[in-house]
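# Coordinates in review
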Amino acid sequence: MNGDLDEKLQSFVGQAAGGPNRAPDPVNLPMIRHWVEAMDDFNPVYVDDEAARRFGFPGIVAPPTMLQAWIMRGLRASNEVEVARAEGRRLDTYSPMENLMALLDEAGFTSVVATNCDQHYERPLVLGDVISATSTIAEISPEKQTALGQGHFMTTRLDYHDQHGELVATMRFRILKFKPGAKGPAVTDAPLRSETPDPRAPDDVPRPKRPRPALTQDNRFFFEGAREGRLLIQRCTSCGTLRHPPRPACANCRSFDWDTVTASGRGTVFSYVVNHYPQVPAFDYPLVVALVELEEGTRLVANLSDVEPADVWIGMPVVAAFEVFDDELTLPVFHSDGTAGPAATAATAATAATSGTAGSTGTAGTAAGRG
Ligand code: ZN
């Protein structure tokens, strides 16, 4: 326990977490449509004015859980903050919340994980509403021992008002700001933000093991299969639908009965990211994480190995292999099957036009992956 730090932390309670945020756009149908598609929630009151009136609403209403989406500041502004943080620079607009985070960073609580989000809705939001949010640092816990390490829980309360100043919703958002890897000696001193980061532990300290999966009776087969060198997909025995990640019931017919089929291991890169930060000592960086679409139709997240990030492309054919990380953990990883990417194809093509859609998509994927 650190009394001084605790006292400093408590002085933030009740302060505004940041300036008031006004939604850049009123509640609108295009954003609702994108949300509805992304969430696969086709309640007619979100898109059909007549249906909404039939259910007693004044017109189309926004899905309540879109609350945060209305006041998001956008990718560009978020990136500016991220870049400033990574460079250890403070922006002029630093708020009490950012000062609080900096104080905790300096005290060694460098990692953050969101733990709870509770939203309360006073009324449904309708097209044309203009939302503003004010946020307050509501609570900071004393130092606690958690499974992730020593840390402080911090709760922020957001009050959402409409264009008339009426409260439409509140949200309490709780995060844990913690010292990473208090369990392993190598992790504690890892240079998370060094200019020349070396994710590996020094030679004289054993490298920490890759994190264990949380095994349940539903997903155990997948990891046991991997240990035997088999890539297993869960299959509903009532209707035959394949599913991944593993879960208890079939989304198609609600049956709880299932068995597994062994996948061929062939698939294509559906999407991917290249992870540079934060660096965890158990992994090698840059770390290529792909969403692989198996030829059986299910998708899974796995590492691409033996491939340079710049050589990955959307649609790249890949094959599964099994990497033994330690005595307990074997995971499927994917390798390129050797098919040349669209960049190579485009370079040898007579005209730009022949590189086609796949080329554009692949390039976009690479750019996004580096972001
Ligand atoms: Zn089924």
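Residues numbered from 1 in each chain as written. Predicted model: local features only at pLDDT ≥ 70, side-chain atom pairs only at ≥ 80, totals over all residues.

### Re the environment of C239
This is how the line gets drawn: Here a strand is any run of E in DSSP of at least two residues, a helix any run of H or I of at least four, and the numbering for each starts at the N terminus. Two residues qualify as being in contact provided that their C-beta atoms, derived from the backbone, are within 7 Å of each other.
Locating C239 in the fold gives a position in the loop between β7 (232-236) and β8 (242-243). In this structure the C-alpha to C-alpha distance between C239 and C253, which are 14 residues apart in sequence, comes to 6.9 Å. Leaving out residues up to four positions away in the same chain, C239 has contacts with C250, N252, C253 and S255.

### Comments concerning the sheet that holds strand β12 (residues 299-303)
We count it as follows: For two strands to be treated as a pair, DSSP must find no fewer than two bridges joining them. Every axis in this analysis is a line fitted to C-alpha atoms, fitted for helices over the stretch in contact. Angles between the N-to-C directions lie between 0 and 180 degrees.
The strand order across the open sheet built from five strands is β12-β11-β10-β13-β14, with neighbouring strands paired in antiparallel fashion. On the outer flanks of this sheet lie β12 and β14 (330-336), each paired with one strand and no other. Neighbour-to-neighbour, the strand axes of this sheet turn through a mean angle of 40 degrees, independent of strand direction. Relative to β12, strand β11 (residues 287-294) runs antiparallel, the two being bridged by five bridges.

### So, the pairing of β11
This is how the line gets drawn: Around each residue's C-beta, the other C-beta atoms within 10 Å are counted; 20 or more make the residue buried, 12 or fewer make it exposed, and counts in between make it partly exposed. All C-beta atoms are placed from the backbone.
The alternating pattern of β11 places V288, A290, V292 and L294 on a buried face, while none of L287, V289, L291 and E293, on the opposite face, is buried. Pairing of strand β10 (residues 266-275) with β11 involves eight bridges; the strand directions are antiparallel. In the sheet register, T268 faces β11, and the bridge partner there is E293. Adjacent in sequence and paired antiparallel, β11 and β12 are bridged by four residues, among which G297 carries a positive phi angle near 115 degrees.

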